[in-house]
Amino acid sequence: MTTAEKHEFPMARTCPFAPPPAYEEIREEEPVSRVRLPDGRWAWVVTRHEDARTVLNDRRFSADRQHPDFPPLVEGEVASRRPDEERSLIMMDAPEHGPARKAVLGEFTVRRLEALRPRIQEIVDGRIDALLAGPNPGDLVEALALPVPSLVICEMLGVPYADHEFFQEHTVKVFKQSTPPEQRWVAMRAIQGYLADLVEAKEQNPPDDLLGRQIVKLRANGTYRRTALASMGLLLLVAGHETTANMISLSTVAFLRNPEQLALIRADPGTTLNAVEEMLRYFTIVDMATARLCVEDVEVGGQLIRAGEGVLALGYSANRDPRAFANPDELDIGRSARHHVAFGFGPHQCLGQNLARMELQIVFDTLFRRVPTLELAMDVDELPFKDDANIYGLYRLPVTW
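### Quick look at unusual backbone geometry
Part 1 of the reasoning: Residue proline 10 follows phenylalanine 9 across a cis peptide bond; omega there is 0°.
Part 2 of the reasoning: Its identity is not glycine, yet threonine 284 carries a phi of approximately 40°, on the positive side.
Part 3 of the reasoning: With respect to the secondary-structure elements, threonine 284 resides in the loop between helix H13 (272-283) and strand E5 (291-294).
Part 4 of the reasoning: Notably, asparagine 327 is not glycine yet its phi reads approximately 45°, a positive angle.
Part 5 of the reasoning: Within the element layout of this structure, asparagine 327 appears in the loop between helix H14 (315-318) and helix H15 (353-370).

This is how it looks when you write it as structure tokens:
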């Protein structure tokens, strides 16, 4: 039995600030090796930084999650797959993927996002006002971490924020590992149905929001389909708030546990962008969204992977690879960590990564300036980390000031 074959995937974190302990063992002893998945089938894990980037940038590894051989990450996932499901961007391969991504890429240019900065700052200030006006101790997840990215992505898409509880409730079901496959499918369909209705309501007089502009652009190109736009909206809505919310809460804990690191951004806000990259690397909250299916025999890291075999490019292992990052288990906001793979890599690299960076930068600069006495209201060991979710984070973060 090989090093990795002793393990079943996915693996749980035993420490909120470190990958599963076996990751280092696998990465150092047999960096490309087979593991057993929840349904008993086998897949390859790729654990080193260079190899992970190779897999994610090679068209011989497919992102088609509807394929029956695509590696399942939760039990029962294969049975819940629907061939007739609308394919979102993260499921597409070339040549379909390129034009679909390009159609929406203009919404995330640096210029367009910079135009949003004043509004994001206004949202952050408003949520900190609400935190300070509320009970002390307060819950930073409820008061700040979740509302900020939710408000931002809702305004960008043109989704009424009044409905955020609806999609948040269903998002939790989608990402919770213990959710039965059929319930996960129902939750996803509920969000997609909501967005399809919303897109339909915008069709007659498309407003100047992301969904409205996409309707106009796609109609002009002769490629408009309501279900496809709703599917893209679902991806942006779900990914656009859940991931950033978790990064806000986790990073706040990390800063408060490492006051010498926090002092650096307080002394020089210019270091916050570096801090954001380091936090993204350090936590890597979406570890295995970069699963792939090999469609042509290819060698990675000296190991032959054959067509039809599943591959997991483990982002958290890659981001703790000492070949890519010196002293990788240390939190060091002074390092240059921009080459991390927390946003993936290659053609499927996260579409909204610069929006997430901006939100995190504004939150950190504003929160620690306006609330200099912020402290955790309970021991780290007692915090409710999302050990049961496919996107790591915190359910609650009690803080005091």
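Still more ground to cover, so stick around.
### Overview of the sheet that holds strand E4 (residues 138-139)
Two modes of strand pairing occur in sheets, parallel and antiparallel, and in both the strands are linked by backbone hydrogen bonds.
Part 1 of the reasoning: Across the sheet, three strands lie side by side as E4-E10-E9; this open sheet has antiparallel pairing. Either end of the sheet is taken by a strand with one partner, and the two such strands are E4 and strand E9 (375-376).
Part 2 of the reasoning: Of the pairings in the sheet, the one linking E4 to strand E10 (residues 398-400) comprises two bridges and is antiparallel in character. Each bridged residue has a counterpart across the sheet, and for aspartate 139 the counterpart in E10 is proline 398.

### Examining the sheet that holds strand E3 (residues 61-62)
Part 1 of the reasoning: Ordered by their spatial adjacency, five strands build an open sheet running E1-E2-E8-E5-E3, and the pairing between neighbours is mixed. The open sheet is flanked by strand E1 (32-36) and E3, the only strands paired with a single partner.
Part 2 of the reasoning: Pairing analysis gives five bridges linking E1 to strand E2 (residues 42-46), with the strands arranged antiparallel. Each residue of the ladder has a partner; that of valine 32, found in E2, is valine 46.

Calculation notes
Residues numbered from 1 in each chain as written. Predicted model: local features only at pLDDT ≥ 70, side-chain atom pairs only at ≥ 80, totals over all residues. Heavy atoms only, no water. Helix = DSSP H or I, 4+ residues; strand = E, 2+ residues; numbered from the N terminus. Pairing = 2+ DSSP bridges.

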